[in-house]
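An overview of the molecular structure
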There are 2 protein chains.
Amino acid sequence: MSSNPHCKVVLGGTLAKKLLGEVQEGVKKLQRAPLLVGFLSSSDPAARVYAEWTGRTCKENGFGYELQEVDREELEGALINANNDDRVDGIIVYYPIFGNRQDQYLQQIVDAKKDVEGLSHQYIFNMYQNKRFLDEAQEQKSVLPCTPLAVCKILEQLLIYNTILPYGNRLHGRTITVINRSEVVGRPLAALLANDGARVFSVDIEDVQEFTRGAGLRKRRHEVIEKPDWTLETCLPLSDVVISGVPGEKFKVPIELVREGAVCINFSSEKNFDPSVKEKASIYIPAIGKVTIVVLLRNLLRIVQNRIESSKRATEIKEIAADASPEQMARITEQLKRTTQATS
Amino acid sequence: MSSNPHCKVVLGGTLAKKLLGEVQEGVKKLQRAPLLVGFLSSSDPAARVYAEWTGRTCKENGFGYELQEVDREELEGALINANNDDRVDGIIVYYPIFGNRQDQYLQQIVDAKKDVEGLSHQYIFNMYQNKRFLDEAQEQKSVLPCTPLAVCKILEQLLIYNTILPYGNRLHGRTITVINRSEVVGRPLAALLANDGARVFSVDIEDVQEFTRGAGLRKRRHEVIEKPDWTLETCLPLSDVVISGVPGEKFKVPIELVREGAVCINFSSEKNFDPSVKEKASIYIPAIGKVTIVVLLRNLLRIVQNRIESSKRATEIKEIAADASPEQMARITEQLKRTTQATS
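Predicted model only: the values in this text are computed from it and were never measured.

Attention now goes to the interface of chain A and chain B. Between chain A and chain B, the contact holds 37 residues from the first and 37 residues from the second. On the chain A side of the interface with chain B, the three residues burying the most area are His6(A), Ile164(A) and Arg218(A), jointly 24% of the side's total. Inspection of the region where chain A meets chain B yields four salt bridges. Of the charged contacts in the structure, one is a salt bridge between Glu279(A) and Arg218(B), with a shortest N-O distance of 2.7 Å.

Here it is as structure tokens:
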């Protein structure tokens, strides 16, 4: 009998590396380095650290990066200028700024076509509705918010997504507890995982909710069911995967309730899992920040690719329209429909 | 809402194909077609069908095959002749013959070095002990019984084995129910799965036993714990994978107890799962016979490869010994030790 338990601890940097390879491949195929512009209007030191970190990661990986430090009262105008500036491919704003609902207003100022964080209403709506593409031809994927998407990409790398199953259903049969139900990460993450087929227990201080697509995944998107009287004591022993993102030093996942061999992921900046998690987990991910940044670059790349694709279609339409028969006009209408849906 | 549930039904033939590719690759690298000899001493029509089926599969895939029909009283002598016949690479006996303990005696007559079914005591002992190699250098793998190994190979293809985890622990975190605890399939299968890291409930008419390597997989091999008062009602709702091999038409797995999204595998020649299994399972495998035959050929290939490897070592030893210094004699002793362990 060995004294150490078998638990594979995987660091964020290791997980980020593979994803980064794909992003670098994509960037090489473009004509020029995509430009990301960051807006810092906050005195929060964490925001500044994050800004520096994105800048460094961009430059190391073939992306352009500019940081604009703007007084928060000037931010709205600066964002509108960046929306209209053809040099700018992607925009990231370092929140919190006002720390209230005005921040949500500012999020919607950023043009969806430049929104690398995936916070535009159109993207968030698509995510909750399990609508994965922007266009009818299903060629342009919708953009997903970085941190929840980072968790999904990690679960893909850990082979929790089963590629034997069809795309969109690859978490069928998995039971996952997500601790924290914030609008920024917890709730979108629970929805994404349930839309991909998992049975998800979303746990917050107040209550437990179950997110699921129902028996045989018959529903097209998740539904939410209240679980009165459920607590972590009910959820954790049932869960293959436990994902925790509770801010604050005090909260610790009760390891004694975690199922033997579970996969445990921490997305809080605090340590939600005590080191004894290794006594129980088969895989433990202590932090995901490095993956989140790579996902941001991946979103930027996707946005640029979507734009190139749209402009190709527009050129095609103009060429056909120049001397069109009735048959060709039908094709033009078709193309216009696809282009409009993808870029509106 | 769609009316059909999402369940992927995978046929044995599809699963066999990939495994067959690997076997064909291996055969190409040999100097000659390995010869399998089958012994039929039974009037059981199922045994004859199986014999014909192995013959056909051998011939279609570059293996030689000879069928010897022998009176059951002559079988022991015929097996000894085949053991001593250098032309013969592998031996398969179609059971049942006497249908009692004499069949187990006959199983041990077959030379382990030609035992493609993995029924020799040495192999079975290694399997239960979680001893995976025949030699200290860990170059020659032990042979595993065909049907339990076929189930493992299927679980590998279905990505239930997580390749992120180290070899030997890849079922860590999986809960599996195996229904049937026969010495031929059910018990060895439960042991194999638990040795690979799963928590296994082995269910028989009499009782339920849990096979597990304990918390953090600290134990080197599985241990068996009686679960008094446990039944399928306790096991099935906890299980990611349900594997059933109950002979007889009457038995059906109670689908209402199966967990949403479970993986269901039938290894009985009867249909242990009602068609409604598709309402619950994410993946359903109705039969595994075709995979079992390919595993038999894989075992034959392994045995031939092991023999070639051993004879290479023997040649090496002779060359070194011809004109040996004290230092070289140390190497010879080392080589001899490895060779003896691999072939004894």
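Attention now moves to the domain arrangement of chain A. You'll often see interface size given as the accessible area lost when the parts meet. Residue and element names in this part refer to chain A. The domain architecture assigned to chain A consists of domain 1 (17-145) and domain 2 (148-291). A C-alpha centroid distance of 26 Å is found between domain 1 and domain 2. Taken together, the contacts link 11 residues of domain 1 with 19 residues of domain 2. Overall, the association of domain 1 and domain 2 removes approximately 1,500 Å² of surface from exposure, summing both partners, and the carbon and sulfur fraction of that is 56%. Along the contact surface separating domain 1 from domain 2 lie one salt bridge. Taking the shortest distance from any N to any O, the salt bridge between Arg132 and Asp196 comes out at 2.6 Å. Elements represented by at least two residues in the side of domain 1 that touches domain 2 include exactly helix H1 (12-28) and helix H5 (121-129). Among the elements that line the side of domain 1 that touches domain 2, the one with the most residues is H5, at three residues. Tallied by class, the residues present in the side of domain 1 that touches domain 2 amount to six nonpolar, two polar and three charged.

Quick look at the state of the cysteines now. Using the criterion set out here, one finds zero disulfides over all chains in the structure. Among the cysteines around Cys7(A), which has no disulfide bond, Cys264(A) carries the closest sulfur, lying 7.7 Å off.

A word on the pairing of strand E10 (residues 263-266) of chain B. Residue and element names in this part refer to chain B. On E10, burial covers both faces: Val263 and Ile265 on one face and Cys264 and Asn266 on the other are all buried. As paired strands, strand E9 (residues 241-244) and E10 are joined by four bridges and run parallel to one another. Bridged to Val241 within E10 is Val263. By the bridge criterion, three bridges tie E10 to strand E11 (residues 283-285) in an arrangement that is parallel. Along E11, the bridge assignment pairs Val263 with Ile283.

Parameters at a glance
Residues numbered from 1 in each chain as written. Chains lettered and ligands numbered in written order. Predicted model: local features only at pLDDT ≥ 70, side-chain atom pairs only at ≥ 80, totals over all residues. Heavy atoms only, no water. Contact = heavy atoms within 4.5 Å. Buried area = accessible area lost by both parts, 1.4 Å probe. Salt bridge = Lys/Arg side-chain N within 4 Å of Asp/Glu carboxyl O. Domains from an automatic or database assignment. Helix = DSSP H or I, 4+ residues; strand = E, 2+ residues; numbered from the N terminus. Nonpolar A, V, L, I, M, F, W, Y, C, P; charged D, E, K, R; others polar. Disulfide = S-S within 2.5 Å. Buried < 20%, exposed > 50% of the residue type's maximum accessible area, 1.4 Å probe, protein only. Pairing = 2+ DSSP bridges.

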